[in-house]
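Residue-level structural notes
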Amino acid sequence: MSLVYRFKANQPNLSHVLQDYVGELAPFARRVEKPHLKIPMMLLKSVEWGIYRWHKTPIRRFYGIKSNELIYMITNACNDRCPKCGIWERPEPKSQHLMIQHFINCLKRLHHNLYQVTLTGGEPLLFKQDVILIAEEAKKLSVPMVTVTNARLLDEAFLNRYKELGHILVISIDSVEREKWNEFRGRVSFDLVMPRIMLAKQILGSQLRIQSVLSKESAPEIPKVIEWCKQHGLQHNTQLYQDFGAYNWNRAVTEQEMVDDGIPCAARKNICIYPNGDVVKCFDHRRIPLAKEPLGNIARQDIIEILCTKRSTEVSKIMKSCNFPCKNMSCNKPQALLFNSRQ
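These notes cover the structure that comes with them. All figures in this text were calculated on a predicted structure; none of them were measured in a lab. (Residues numbered from 1 in each chain as written. Predicted model: local features only at pLDDT ≥ 70, side-chain atom pairs only at ≥ 80, totals over all residues. Heavy atoms only, no water.)

1. Examining helix H7 (residues 190-204)
What counts is decided by this rule: Numbered from the N terminus, helices here are DSSP runs of H or I no shorter than four residues, and strands are runs of E no shorter than two. Given a helix with a known number of residues, its expected span is that number minus one, times 1.5 Å. To sort residues, take the accessible area from a 1.4 Å probe on protein chains only and compare it with the maximum for the residue type: under 20% means buried, over 50% means exposed, and anything in between is partly exposed. We call two residues in contact when some of their heavy atoms are within 4.5 Å.
In this model H7 runs 20 Å from its N-terminal to its C-terminal C-alpha over 15 residues, within 8% of the 21 Å that 1.5 Å per residue would give. Those residues of H7 that fall on the buried side of the exposure criterion are Phe-190, Val-193, Met-194, Ile-197, Ala-200, Ile-203 and Leu-204. Buried positions along H7 lie against helix H5 (156-165), strand E4 (168-172), helix H6 (178-185), strand E5 (208-214) and helix H8 (222-231). In the segment just after H7, Gly-205 is the residue with positive phi, at about 60°.

Encoded structure:
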């Protein structure tokens, strides 16, 4: 598709333009690893930003740049009962679960524009075979993939195949102490899961990551998790707690502190798919009045057609100035900006 579009200046206010520019350039700069390339790459990125900013097109954010993350909440169902999360309380009926081929078709259509595909839930490994099918397709299409799991269903066969495909596995751990682990998971599972995590470390090596959720309840445990990761040579990331309908945990960082951090929300670049195939730009985008309803459904519509609708582009435009606490979610940040050090 041509990158030359009808020219039209929008005449936005200066603060809006600066926020958009910083939101594009800051994450990009952090992904340039070689210092001597930072300035020339930033100049090129600035030129690209200018083209996409001022040449108006419904798909300017989806063509010509590898800046989108495709996030698939493969299921709401989960085999844990974590008090921090209410997602597991609302499992989708089997009749409403998306056929895997619809998602793979979506991935094929978007792969030129993706820097990453992420599978989350619920617990993705309840659909282990689907995870492998998506991982294999992502490998063929040269799209890096991340799967976030509680590790209960890990086994050697899955880990060996996942290792071959070269993707990243993120395991959620909020405590490494047996009593707290079982409390935080809502299941007596410490002795079952910890050996599986160690098996994952043995097989996956650097492809394994650990992520924790920081809340008032987990705050005393997170330093222990970080130290445990250091001892085992594992990269770790801490995500600030966001409520998903459980209302059982409490934020360690106030909502005002989260919105006053000066960081633009990057979620407008996300393409999120619910278990039934509904498409949204962010799993929390219903905060935006125009986005109360899904943008479409990939079981019934082509993903490009969905993303090119007027409402979709308007939602993306509004999200440039989003400043809700959910901007701190890991799903709103490139994986390269997470797990970037063994803390």
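2. Description of the side chain of Asn-182
Examined against the element boundaries, Asn-182 turns out to sit in helix H6. By relative accessible area, Asn-182 is classed as buried at 16%. Residue contacts for Asn-182: discarding those within four places in its chain leaves Arg-187, Val-188, Ser-189 and Phe-190.

3. Structural notes on the packing of aromatic side chains
As a reminder of what qualifies: Aromatic pairing here means that ring centres of Phe, Tyr or Trp (its six-membered ring) are within 6.5 Å. Orientation follows from the plane angle: under 30 degrees is stacked, over 60 is edge-to-face, and everything else is tilted. Cation placement over rings: the criterion is NZ of Lys or CZ of Arg within 6 Å of the ring centroid and within 35° of the ring normal.
Enumeration over the complete set of coordinates arrives at 3 aromatic pairs. Pairing Tyr-72 with Phe-103 gives two aromatic rings, centres 4.3 Å apart and planes at 15°, and the pair type is stacked. Separated by 31 residues along the polypeptide, Tyr-72 in strand E1 (residues 68-73) and Phe-103 in helix H3 (residues 100-110) bring together distant segments of the chain. For the residue pair Tyr-72 and Phe-103, the accessibility class agrees, reading buried in each case. Centre to centre, the rings of Phe-158 and Tyr-162 are 5.4 Å apart; their planes meet at 25°, and the pair counts as stacked. Of this pair, Phe-158 and Tyr-162 both sit in helix H5, 4 residues apart, roughly one helical turn. Of the two residues, Phe-158 and Tyr-162, both sit in the buried class. For the cation-ring pair, Arg-185 lies above Trp-181, with the distance from its terminal atom to the ring centre recorded as 4.2 Å.

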